[in-house]
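So the chains spell out like this:
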Amino acid sequence: MPAVDKLLLEEALQDSPQTRSLLSVFEEDAGTLTDYTNQLLQAMQRVYGAQNEMCLATQQLSKQLLAYEKQNFALGKGDEEVITTLHYFSKVVDELNVLHSELAKQLADTMVLPIIQFREKDLTEVSTLKDLFGLASNEHDISMAKYSRLPKKKENEKVKAEVVKEVAVARRKQHLSSLQYYCALNALQYRKRVAMMEPMMGFAHGQINFFKKGAEMFSKNMDQFLSSVGDMVQSIQVEMEAEVEKMQVSQQEFLSVDESVYTPDFDVAAPQINRNLIQKAGYLNLRNKTGLVTTTWERLYFFTQGGNLMCQPRGAVAGGLIQDLDNCSVMAVDCEDRRYCFQITTPNGKSGIILQAESRKENEEWICAINNISRQIYLTDNPEAVAIKLNQTALEAVTPITSFGKKQESVCPSQNLKISETENDNVVSKAAAASIPESELIAPGTPIQFDIVLPATEFLDQNRGSRRINPFGETEDETFPEAEDSLLQQMFIVRFLGSMAVKTDSTTDVIYEAMRQVLAARAIHNIFRMTESHLMVTSQTLRLIDPQTQVTRANFELTSVTQFAAHQENKRLVGFVVRIPESTGEETLSTYIFESNSEGEKICYAINLGKEIIEVQKDPEALAQLMLSVPLTNDGKFVLLSDQPDDSDGSPSENRGAESEA
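Now for a quick tour of the structure. (Residues numbered from 1 in each chain as written. Predicted model: local features only at pLDDT ≥ 70, side-chain atom pairs only at ≥ 80, totals over all residues. Heavy atoms only, no water.)

### Focus: the overall build of the protein chain
Scanning the protein chain for helices and strands turns up 15 helices and 14 strands. The buried share among the 662 residues of the protein chain stands at 39%. Residue pairs at least 24 apart in sequence account for 65% of intrachain contacts in the protein chain once pairs closer than 6 positions are excluded. (Helix = DSSP H or I, 4+ residues; strand = E, 2+ residues; numbered from the N terminus. Buried < 20%, exposed > 50% of the residue type's maximum accessible area, 1.4 Å probe, protein only. Contact = heavy atoms within 4.5 Å.)

Here it is in structure tokens:
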């Protein structure tokens with residue numbers, strides 16, 4: 001038999017809120033049982049009434065069968081056989097009427113009477129004990145209130161003794177009534193099972209006896225079944241007596257549980273966090289705005305289902321959709337001086353919901369789970385393995401790699417192009433570059449910048465005063481007049497991923513290492529937003545231009561670009577190293593990483609061509625040779641052979657064409 005819930009008698013004297021809460025569950029169960037018993041009794045009384053009606057109906061049927069011969073039929077000749085047959089049927093019906101009468105009496109004694117006794121005895125007893133318990137509790141509260149108002153004066157010792165005695169009597173009375181009430185509720189859990197089965201046993205026995213005496217329609221299998229039911233009832237009664245004795249022992253076992261089970265955030269110092277979750281469920285606090293500046297927090301049950309975040313309030317049958325997690329971002333935030341808060345942001349960058357977990361472990365596991373779901377790992381055949389692999393890759397990404405062997409297998413085409421002799425003197429051999437330790441490429445702990453700092457040129461453009469804006473989008477940038485005289489001017493659409501300081505520019509491996517660290521940092525910190533810009537490559541500078549305002553965000557002299565390369569596997573990733581002079585006279589090295597709509601090799605080709613133009617401008621003959629080797633337009637402009645119109649976004653762009661502008 002399944003276990004039976006019960007109240008702990010040891011908690012009766014303390015009368016704690018937890019005990020009262022558990023008691024309310026038992027009282028609710030008793031109320032439900034009372035309602036169900038009344039409905040069940042009505043159904044049984046209806047069956048009993050139907051059986052009595054059956055007795056009267058069969059008696060009336062027998063009389064009607066006998067009355068056939070007394071009817072004066074106009075065509076009544078030849079009805080003797082019918083009359084004889086109807087007399088026989090009337091006798092059979094009379095015998096059945098006797099059986100029905102016996103069945104009705106048996107149903108009244110074995111089906112209706114037990115359920116009435118259960119309702120009048122057991123349920124009424126529980127209701128009475130509930131009232132007595134309530135009265136005793138009220139008396140105890142009144143006596144305690146009187147005891148709390150006792151003054152400190154010594155002359156009231158007699159009054160104090162009387163009040164103390166009154167409190168003791170009231171407390172004992174409450175304890176006695178609570179014990180009786182608890183025992184009755186515990187026993188009711190067993191008695192209700194017996195009370196539900198015993199009437200049905202009487203009903204089944206009556207029906208079996210009825211059919212056995214009539215036509216023996218029931219077999220011995222039913223007898224065996226009813227015998228097993230009787231044994232079951234007997235075993236329930238025996239188990240009830242045994243469980244009453246075990247209540248105290250069970251209470252001690254439950255109270256011996258470690259306190260950490262009830263303590264939230266008990267392992268805040270070193271929580272065991274599972275970062276490979278693809279589904280998560282638990283209670284969170286949801287931040288709701290109730291006004292312009294007022295907010296409320298509601299504790300709700302949240303769970304993930306596929307790529308959706310669901311919420312199910314208490315008492316609800318099913319959960320509702322709160323947030324679509326596909327391609328969203330999640331990050332920890334500080335909100336209203338509350339701990340363990342995180343925010344879910346939609347793919348279009350709009351701020352979503354803010355949730356609060358109850359512990360550091362729950363907070364980080366929710367963030368990891370939502371991050372894994374946003375990558376649509378749940379759609380793969382083995383999402384657990386994919387999540388483990390991705391998180392392991394992210395962990396490995398923050399540790400230096402041991403070899404650049406794979407990167408040396410294929411060299412960026414930009415390195416196959418001819419570089420000026422001055423720059424070749426500064427480039428070391430591949431073998432020497434591969435031997436450089438990782439710490440000599442990028443210093444450990446170097447910060448990464450994920451957005452482009454507004455340069456002084458943009459500040460000047462924004463503060464030139466009132467200047468008329470051409471409605472047709474044709475802008476003039478007087479800050480960089482060299483663009484008018486540049487032999488090369490090529491535009492690329494790029495998105496800035498990040499930049500960081502490096503320690504050397506002697507090898508392109510520093511660019512690959514910067515790509516790895518930037519992408520790993522974006523994955524770990526859940527940074528998905530990227531700033532889109534137009535990268536203008538001229539024969540003098542590299543310029544990052546805002547695509548909407550045409551304001552220059554950053555400007556790099558082409559002579560300061562010492563290294564540039566595209567990623568060997570992800571062809572859209574490109575980066576370059578810039579040597580920037582400081583006011584102290586020293587120089588610093590920084591690597592900038594971008595994602596391009598076109599292949600990164602095209603950008604590298606354009607940069608290389610620009611650097612070649614710078615070198616050959618010093619020698620007219622070399623410039624003529626370059627113009628012979630590189631195709632020109634009709635008006636003498638350079639054409640990038642490796643550049644093709646970029647249709648990655650589904651629409652042509654005037655700045656992604658095949659030829660450069662003068």
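### Examining the environment of Leu8
Within the secondary structure layout, Leu8 lies in the segment before α1 (17-66). Measuring from C-alpha to C-alpha, the distance between Leu8 and Cys183 comes to 9.1 Å, with 175 residues separating the pair along the chain. Those residues in contact with Leu8 that sit more than four places away from it in its chain are Tyr182, Met247 and Gln251.

### Considering the pairing of strand β11 (residues 552-557)
The pairing of strand β10 (residues 541-545) with β11 spans 5 bridges and is antiparallel. Bridge assignment links Arg543 to a residue of β11, and that residue is Asn555. In sequence, β10 turns back onto β11 through a hairpin of 6 residues, with Gln550 there showing a positive phi of about 60°. (Pairing = 2+ DSSP bridges.)

### What to know about the sheet that holds strand β2 (residues 295-305)
Judged by pairing direction, the sheet is antiparallel, and its 7 strands sit side by side in the order β4-β3-β2-β1-β7-β6-β5 without closing on themselves. Both outer strands of the open sheet, β4 (320-324) and β5 (329-335), are each paired with one neighbouring strand and no more. Here the strands of the sheet are splayed against their neighbours by 40° on average, with no regard to which way each runs. Examined bridge by bridge, strand β1 (residues 281-289) and β2 share 9 bridges and lie antiparallel to one another. Its bridge partner lying in β2, Lys289 is registered against Thr295. Together, β1, β2, β3 (308-312), β5 and β6 (338-345) form the strand contacts of helix α5 (residues 360-374), whose direction differs from that of β6 by roughly 10°. (Axes fitted to C-alpha atoms, helices over the stretch in contact; angles between N-to-C directions.)

### Some remarks on the packing of aromatic side chains
Aromatic rings in a pair are described by how distant their centres are and how their planes are angled relative to each other. Overall, the coordinates contain 10 aromatic pairs when judged by the stated rule. Ring geometry for Phe556 and Tyr592: centres 4.8 Å apart, planes at 55°, overall tilted. A residue pair is termed long-range when its members are at least 10 positions apart, and Phe556 in strand β11 and Tyr592 in strand β14 (residues 587-596) qualify at 36 residues. The class for Tyr592 is buried, based on a relative accessible area of 16%. Relative to Tyr592, the ring of Phe576 lies with its centre 5.8 Å away and its plane at 25°, an arrangement referred to as stacked. Of this pair, Phe576 sits in strand β13 (residues 573-581) while Tyr592 sits in strand β14; the two residues are 16 residues apart in sequence, bridging distant segments of the chain. Each member of the pair, Phe576 as well as Tyr592, is classed as buried. (Phe/Tyr/Trp six-rings, centres within 6.5 Å; stacked < 30°, edge-to-face > 60°.)

### Brief notes about the sheet that holds strand β8 (residues 489-502)
In spatial order, the strands read β11-β10-β9-β8-β14-β13-β12; together these 7 strands make up an open sheet with antiparallel pairing. Looking at which strands have only one partner, the edges of the open sheet turn out to be β11 and β12 (561-566). Each strand of the sheet is rotated relative to its neighbour by a mean of 30°, with strand direction disregarded. Of the pairings in the sheet, the one linking β8 to strand β9 (residues 531-538) comprises 8 bridges and is antiparallel in character. Bridge pairing in β9 places Arg495 opposite Glu532. Along the sheet, helix α13 (residues 509-524) makes contact with β8, β12, β13 and β14, crossing β8 at roughly 80°.

### Some words on unusual backbone geometry
Although it is not a glycine, Gln376 adopts a positive phi angle of roughly 60°. Along the polypeptide, Gln376 turns up in the loop between α5 and α6 (383-397). You can call Gln376 partly exposed: its relative accessible area is 29%.

### A look at a nonpolar patch on the surface
A grouping of Val257, Val261 and Tyr262 is seen on the molecular surface, where their side chains present a nonpolar patch of about 310 Å² in accessible area. Residue placement: Val257 occurs in the loop between α4 (220-255) and β1. (Patch = residues over 30% accessible without salt bridge, like charges linked within 9 Å, V, L, I, M, F, W, Y side chains within 5 Å. Areas by Shrake-Rupley, 256 points an atom, 1.4 Å probe, with all protein chains shown as cover. Salt bridge = Lys/Arg side-chain N within 4 Å of Asp/Glu carboxyl O.)

### Here's the deal with the state of the cysteines
In total, this model carries 0 disulfides according to the counting rule given. The thiol sulfur of Cys341 is not disulfide-bonded, and the nearest other cysteine sulfur, from Cys335, lies at 5.2 Å. Among the residues examined, Cys341 registers a relative accessible area of 2% and is labelled buried. (Disulfide = S-S within 2.5 Å.)

### Description of the pattern of salt bridges
Going through the model one piece at a time under the given rule, you end up with 17 salt bridges. In this structure, Glu139 engages Lys173 in a salt bridge whose closest nitrogen and oxygen atoms are separated by 3.1 Å. Of this pair, Glu139 sits in helix α2 (residues 80-148) while Lys173 sits in helix α3 (residues 157-214), placing them 34 residues apart in sequence. Glu139 sits in the partly exposed class, given a relative accessible area of 35%. Taking the relative accessible area as the measure of exposure, Lys173 reaches 42% and is therefore partly exposed. A salt bridge links Glu362 to Lys280, with the shortest nitrogen-to-oxygen separation between them at 3.3 Å.

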